[in-house]
Amino acid sequence: MKNSASEYRLEMTGISKSFGVVSVLKNVNLKVKSGEIHALLGENGAGKSTLIKILSGVHQKDAGRVVLNGEEITPKNTHEGQVLGINVVYQELSLVNDLSVAENIYLHKLGANKTWMNWKGVMNDAQELLDSLDFKIDASAKVKNLSIVQKQVVEIAKAISEDTKVLVLDEPTTVFDPKDVKKLFQILFKLRDQGVSIIYISHHLDEIFKIADTVTVLRDGVDTGSMPIAETDKDGVIHLMIGRELNELYPKRDIKIGEVPIFEVKDLTAKETLVHDVSFDVKPGEVLGIAGLGGSGRTETAKLIFGADKKKSGTLLLEGKEIKTNSPVDAAGYKIGFVSEDRKEEGVFLPLSIRRNISITSFDSISSKLGFINVDNEYKKVLNLIKKLNIKAPNSEVDVKNLSGGNQQKVALAKWLSIDSKVIFIDEPTRGVDVGAKIEIYNLINEVAKKGVGVVVISSDMPEIMGISDRILVMHKGTFYGELQKEQFSEENILRYSIGEPLKTI
Amino acid sequence: MALTIKEQLSSPGGILKFLVKYNTIFIFILLVIFSALISDVFFTSVNLSNLLKQVSGIGIISIGMLIVILTGGIDLSVGSMVALLAVTFAILVNIFALPLAILMTIIIGFGLGSISGYLVAYQKMAPFVATLALMTIARGLSFIYSKGSPVTFTTVGGKFMSDFANNSTLRIPNIAIVFFIIVICAMVMLRYNVFGRLVIAIGSNEEASRLSGIKVNKYKFLVYAISGALAATAAIIVASRTNLGSPNMGMAWELDAIAAVVIGGASLNGGKGTAINTLMGVLILGLIGNILNLLNVPSYPQQVVKGAIIIFAVLLQRFDSK
Ligand SMILES: Nc1ncnc2c1ncn2[C@@H]1O[C@H](COP(=O)(O)OP(=O)(O)OP(=O)(O)O)[C@@H](O)[C@H]1O
Ligand SMILES: [Mg+2]
């Protein structure tokens with residue numbers, strides 16, 4: 001029953017889906033042409049990832065029709081989806097850490113019809129594919145040794161093959177710096193021109209307007225509109241997403257920044273990573289931004305200070321006194337916090353409830369000397385944070401694995417921002433968080449700073465880091481290349497420092 | 001997803017889901033009904049109290065096993081530890097006053113467990129390997145110290161213990177009471193104490209635990225030490241029941257303990273499992289043995305049935321995670 005009359009390659013119509021009694025998608029439509037980039041937008045928890053997972057065979061729909069190339073399809077699992085030419089880069093990384101990059105890329109093709117693998121050939125093919133993507137990754141490296149950016153690239157490589165008809169990318173750029181984003185766009189444009197239908201999910205609206213041809217918006221499981229990108233603008237899209245206008249994204253800050261640094265780092269050099277000769281200080285109440293390209297050593301610097309990586313030399317001073325952080329336990333003892341960029345592996349406890357996730361750092365304040373937890377206080381604290389950060393969940397007992405990506409991020413943040421720290425390092429604070437919720441997170445960061453905490457924010461999101469920082473340090477090849485004061489903030493200046501060039505003198 | 005029972009029952013396919021979710025309790029009840037129907041001896045107080053006495057020793061080490069498994073580890077040494085510690089207790093109770101002998105045995109158990117704990121937590125040895133080594137060592141030592149034959153209780157202290165172990169209070173066997181108290185303590189510790197929260201957190205994501213400032217090594221060390229102390233408690237109980245400590249005690253008990261924990265729905269990857277469900281697992285295993293004994297089924301077919309039940313229980317749990 002070919003229906004070649006349709007102008008769409010992919011038509012999802014009347015899709016509904018519930019998990020238990022929670023209805024997540026209600027009568028949703030999504031229509032994608034071949035050779036177009038179709039943006040799928042919506043708040044955290046709107047149902048974007050769920051819709052995609054129905055398309056690819058992870059979840060089964062309760063109602064509706066999915067038509068690909070004029071034929072109805074009902075993939076029962078992701079393998080069936082792939083055979084149909086539907087390839088997805090999921091929001092959460094799903095690589096096998098102990099295998100090589102090449103093995104991961106060809107994992108789903110293994111054992112398809114061959115009993116023996118030609119590993120040399122696979123290695124060469126994988127290397128060729130990676131090189132064509134223009135990211136420098138060694139196909140024979142073990143995945144566990146890659147940075148999170150590189151892992152994301154491997155996920156993308158995995159999804160691209162000759163017979164991809166529909167390529168879905170669920171928030172692929174959350175860990176990318178602007179240079180990486182540009183490279184990805186080049187790849188996507190090329191694929192689009194070859195006729196691939198691309199569905200692109202992102203909370204970075206700037207990106208959407210750079211690459212999308214069409215946009216569909218979801219709100220609370222209902223599609224609120226679908227149109228060519230030229231017929232709308234940022235405000236229009238936001239209105240469809242949240243049903244109201246959004247005021248100032250970056251809240252005004254009137255915090256008195258202390259004179260004396262609360263935390264100082266002198267000549268810090270790592271034993272095992274590229275970080276070397278790092279010196280800086282942060283003052284109470286200050287939000288210090290750390291910018292730089294992916295792989296420049298920002299995350300590694302934070303981990304080094306937090307005691308998660310080994311130090312070779314250097315001094316840390318907390319409130320003027322020298323401290324030693326040989327492990328995260330030490331750091332946490334000194335009331336230094338660290339929110340990892342890798343929420344799935346290092347941030348949240350997926351099988352545990354929201355409550356158990358959030359209270360893990362705050363037992364000091366909610367339990368007795370003998371370690372018995374005051375459950376009433378625990379609930380009070382957790383429910384308060386759920387409300388404050390607008391975490392979308394039926395109640396506090398839901399397992400974090402059942403939350404949408406952005407809401408998981410909020411849980412990871414809540415864990416650290418809710419306790420009394422002296423210094424806190426936040427790596428990619430709004431990774432995967434929607435525009436509305438970003439404001440809540442920025443407010444919370446300011447609230448924390450107001451208490452006299454030194455806040456250090458690492459971010460690849462340029463507008464974000466300029467919007468929330470008092471001062472920005474730019475990293476290049478494992479050390480700070482330059483410092484920018486508020487009046488010097490500009491994308492150009494950050495980029496210049498991050499590639500190791502001086503600022504233009506006027 | 002935490003829904004009320006009513007909501008669960010009223011959602012589509014609700015009843016089935018409900019049964020799957022509480023499958024251990026469900027299997028347990030089914031087995032009780034089945035046993036009662038099939039044998040008129042089953043519901044006699046003699047049989048029930050025998051059943052409870054039989055499971056108490058394995059039950060206590062299963063609780064230790066549960067705590068270790070929650071961190072993502074495993075403790076293969078507990079069966080041999082029961083033998084070594086039973087012999088130890090028999091020797092000690094013949095020398096020292098009873099309370100001192102009990103205390104010393106438990107401390108030695110804790111100490112032996114600490115060796116596994118140290119190897120796993122601080123030497124990063126695989127739990128399977130470290131505790132396998134300890135299993136062999138403990139069994140060997142128990143034969144050495146007992147010179148290969150059982151050590152009989154000879155003092156008043158020993159007499160007191162064997163009376164205690166063979167009597168009941170309010171028709172519940174004393175040793176079952178000890179077991180139940182340990183289950184309740186474990187339940188409270190896992191639910192309402194920081195210790196339990198952290199143990200479960202470590203099992204569900206060790207790296208995230210480390211980066212949350214949790215003393216991961218300390219807790220990984222502690223769980224093996226506690227498992228050792230519980231093995232000592234079980235050893236005292238089983239030795240007292242028979243009035244002697246024998247190096248042949250606790251043969252393959254580690255496997256029954258693992259089975260009980262797994263039937264109770266715990267995940268061997270860590271992070272998932274409760275004391276109540278482990279209790280159910282212990283009772284289910286005990287019940288199967290009991291009913292097959294009542295039916296005069298010989299012990300080899302019994303093993304086959306046990307294995308089949310384990311597979312069935314774990315398959316049921318599979319539906320739950322869907
Ligand atoms: N397996 C599941 N069980 C129960 N609820 C789920 C499950 N998966 C998703 N949900 C719920 O469905 C809703 C939609 O989730 P989904 O992941 O599709 O959101 P999203 O639009 O991708 O959000 P984000 O931008 O944060 O990634 C959320 O409220 C989430 O809690
Ligand atoms: Mg999502």
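Residues numbered from 1 in each chain as written. Chains lettered and ligands numbered in written order. Predicted model: local features only at pLDDT ≥ 70, side-chain atom pairs only at ≥ 80, totals over all residues. Heavy atoms only, no water.

A few words on the site of ligand 1. What surrounds ligand 1 is a group of 20 residues, the closest being A:Lys48, A:Ser49, A:Thr50, A:Ser404 and A:Gly406. Near ligand 1, residues from chains A and B are present, making the site a shared one. Residue A:Asn44 places a side-chain N or O atom 2.9 Å away from an oxygen atom belonging to ligand 1. Listing elements by their share of the shell around ligand 1, those giving two or more residues are helix H1 (48-56) and helix H15 (405-417) of chain A. No other element matches H1(A), which puts 3 residues into the shell around ligand 1. The residue inventory of the shell around ligand 1, partitioned by class, reads 5 nonpolar, 11 polar and 4 charged. (Near = heavy atom within 4 Å. Polar contact = N/O pair within 3.5 Å; in protein donor to acceptor, adjacent residues only side chain to side chain. Helix = DSSP H or I, 4+ residues; strand = E, 2+ residues; numbered from the N terminus. Nonpolar A, V, L, I, M, F, W, Y, C, P; charged D, E, K, R; others polar.)

So, about the environment of A:Asp267. Topologically, A:Asp267 is positioned in strand S11 (residues 263-270). Along the sequence, A:Asp267 and A:Tyr250 sit 17 residues apart, while their C-alpha atoms lie 33 Å from each other.

This part is about the nonpolar core. In terms of nonpolar packing, the biggest core is built from 100 residues, with B:Ile61, B:Ile63, B:Met65, B:Phe89, B:Ile214 and B:Ile284 touching the most fellow members. No other element matches the 13 residues that helix H12 (residues 216-242) of chain B contributes to this core. The contacts of B:Ile61, once residues within four sequence positions are left out, are B:Val78, B:Val82, B:Leu230, B:Ala231, B:Ala234, B:Trp253 and B:Ala257. By size, the runner-up hydrophobic cluster in this structure holds 65 residues, among which are A:Ala308, A:Val423, A:Leu444 and B:Leu211. (Core = buried A, V, L, I, M, F, W, Y, C linked by side-chain atoms within 4.5 Å. Buried < 20%, exposed > 50% of the residue type's maximum accessible area, 1.4 Å probe, protein only. Contact = heavy atoms within 4.5 Å.)

Right, let's talk about the coordination of the magnesium ion (ligand 2) for a bit. Looking at the magnesium ion (ligand 2), one finds its protein donor set to be A:Ser49 (OG) and A:Gln91 (OE1), positioned 1.9 to 2.1 Å from the metal centre. Taken together, the residues A:Ser49 in helix H1 and A:Gln91 in the loop between strand S6 (86-89) and helix H3 (101-105) connect sequence positions 42 residues apart. (Donors = N, O, S within 2.8 Å, 3.2 Å for Na, K, Ca; no water.)

Turning to its location among the elements, A:Glu378 is positioned in helix H14 (residues 375-388). What makes A:Glu378 buried here is its relative accessible area of 0%. Side chain to side chain, A:Glu378 and A:Arg355 meet in a polar contact 3.0 Å long. If near-sequence neighbours (up to four positions away) are discounted, A:Glu378 is found in contact with A:Arg355, A:Ser359, A:Ile366, A:Ile373 and B:Arg197.

Once that is clear, we can look at helix H4 (residues 119-133) of chain A. All names here are of chain A. In this model H4 runs 21 Å from its N-terminal to its C-terminal C-alpha over 15 residues, within 8% of the 21 Å that 1.5 Å per residue would give. Three or more residues of H4 are buried, namely Val122, Ala126, Leu129, Leu130 and Leu133. Considered in projection along H4, the buried side chains sweep an arc of 95 degrees and stay on one side of the axis. Of the exposed residues in H4, the ones pointing more than 90 degrees away from its buried face are Lys120 and Glu128. (Expected span 1.5 Å × (residues − 1). Arc of directions from axis to C-beta.)

Moving on, we come to a nonpolar patch on the surface. Together, B:Tyr22, B:Ile25, B:Ile29, B:Ile33, B:Phe34, B:Leu37, B:Ile38 and B:Leu295 give the surface a local cluster of nonpolar side chains, amounting to about 730 Å² of exposed area. Assignment of secondary structure puts B:Ile33 in helix H3 (residues 23-38). (Patch = residues over 30% accessible without salt bridge, like charges linked within 9 Å, V, L, I, M, F, W, Y side chains within 5 Å. Areas by Shrake-Rupley, 256 points an atom, 1.4 Å probe, with all protein chains shown as cover. Salt bridge = Lys/Arg side-chain N within 4 Å of Asp/Glu carboxyl O.)

The partner chain B presents 28 residues to the 35 residues of chain A that form the contact. Counting each side, the surface lost to burial between chain A and chain B is near 2,600 Å², with a carbon and sulfur contribution of 65%. Connecting chain A to chain B are 1 salt bridge. At the surface where chain A touches chain B, the tally comes to 9 residue pairs in polar contact (both at pLDDT 80 or more). Put simply, the parts of the chain that give the side of chain A that touches chain B at least two residues each are helix H10 (328-333), helix H11 (343-347), helix H12 (354-358), H14 and H15 of chain A. Among the elements that take part in the side of chain A that touches chain B, H11(A) stands out by supplying 4 residues, more than any other. Residue composition of the side of chain A that touches chain B, by class: 21 nonpolar, 6 polar and 8 charged. (Buried area = accessible area lost by both parts, 1.4 Å probe.)

Residue and element names in this part refer to chain A. Within the open sheet, the 6 strands sit side by side as S16-S17-S18-S13-S19-S20. Their pairing is mixed. Only two strands of the sheet have a single partner each, and these edge strands are strand S16 (336-339) and strand S20 (479-485). In this sheet, neighbouring strand axes are inclined to one another by 20 degrees on average, regardless of whether the strands run parallel or antiparallel. Seen against the sheet, H15 touches S16 and strand S17 (423-427) and runs at an angle of roughly 180 degrees to S16. (Pairing = 2+ DSSP bridges. Axes fitted to C-alpha atoms, helices over the stretch in contact; angles between N-to-C directions.)

So, about the packing of helix H4 (residues 45-70) of chain B against H12(B). Residue and element names in this part refer to chain B. In the contact formed by H4 and H12, the axes pass within 8 Å of each other and the chain directions differ by 175 degrees. With respect to H12, the axis of H4 lies roughly antiparallel. From H4, Lys53, Gln54, Gly57, Ile60, Ile61, Ile63, Gly64, Met65, Ile67 and Val68 reach across to H12, where they touch Val223, Tyr224, Ile226, Ser227, Leu230, Ala231, Thr233, Ala234, Ile237, Val238 and Arg241. Of the residues contributing to the contact of H4 with H12, the split by class is 14 nonpolar, 5 polar and 2 charged. (Parallel < 35°, antiparallel > 145°, perpendicular 65-115°, else oblique.)

Below, the discussion takes up the domain arrangement of chain A. Residue and element names in this part refer to chain A. Domain boundaries in chain A define domain 1 (2-242) and domain 2 (263-351 + 420-498). One C-alpha centre belongs to domain 1, the other to domain 2, and the line joining them spans 31 Å. At the interface, 23 residues of domain 1 touch 20 residues of domain 2. Connecting domain 1 to domain 2 are 1 salt bridge. Glutamate 92 is paired through a salt bridge with arginine 343; the nearest N and O atoms lie 3.2 Å apart. Breaking the side of domain 1 that touches domain 2 down by element, the ones donating at least two residues are helix H5 (148-159), helix H6 (178-193), helix H7 (205-211) and helix H8 (234-242). Of the residues assigned to the side of domain 1 that touches domain 2, the class counts are 8 nonpolar, 8 polar and 7 charged. (Domains from an automatic or database assignment.)

Residues and elements named next belong to chain A. Scanning all chains against the criterion turns up 29 salt bridges over all chains. A salt bridge links lysine 144 to aspartate 98, with the nearest nitrogen and oxygen atoms 2.9 Å apart. With lysine 144 in the loop between H4 and H5 and aspartate 98 in the loop between S6 and H3, this residue pair connects regions lying 46 residues apart in the sequence. One salt bridge connects glutamate 346 with lysine 303, and the closest N-O pair in it is separated by 2.8 Å. Placement of glutamate 346 in helix H11 and of lysine 303 in helix H9 (residues 298-306) is noted, with a sequence separation of 43 residues between them. Shared partners join several salt bridges into a network, and the residues in it are Asp281, Lys283, Glu286, Arg471 and Glu483.

This part is about the pairing of strand S3 (residues 37-42) of chain A. Residues and elements named next belong to chain A. Extensive coverage of S3 is indicated by the burial of 6 of its 6 residues. Residues Ile37, Ala39 and Leu41 point to one face of S3 and His38, Leu40 and Gly42 to the other, with burial holding for every one of them. Summarising the sheet, S3 and strand S8 (residues 197-201) pair through 4 bridges and their orientation is parallel. Each residue of the ladder has a partner; that of histidine 38, found in S8, is isoleucine 199.

So, about the sheet that holds strand S15 (residues 321-323) of chain A. Residue and element names in this part refer to chain A. Within the open sheet, the 4 strands sit side by side as S12-S11-S14-S15. Their pairing is antiparallel. Here the strands that pair on one side only, and so sit at the sheet edges, are strand S12 (278-282) and S15. Taking each pair of neighbouring strands and ignoring which way they run, the sheet shows an average axis angle of 20 degrees. The pairing of strand S14 (residues 311-318) with S15 spans 3 bridges and is classified as antiparallel. In the strand pairing of S15, leucine 316 is matched with isoleucine 323.

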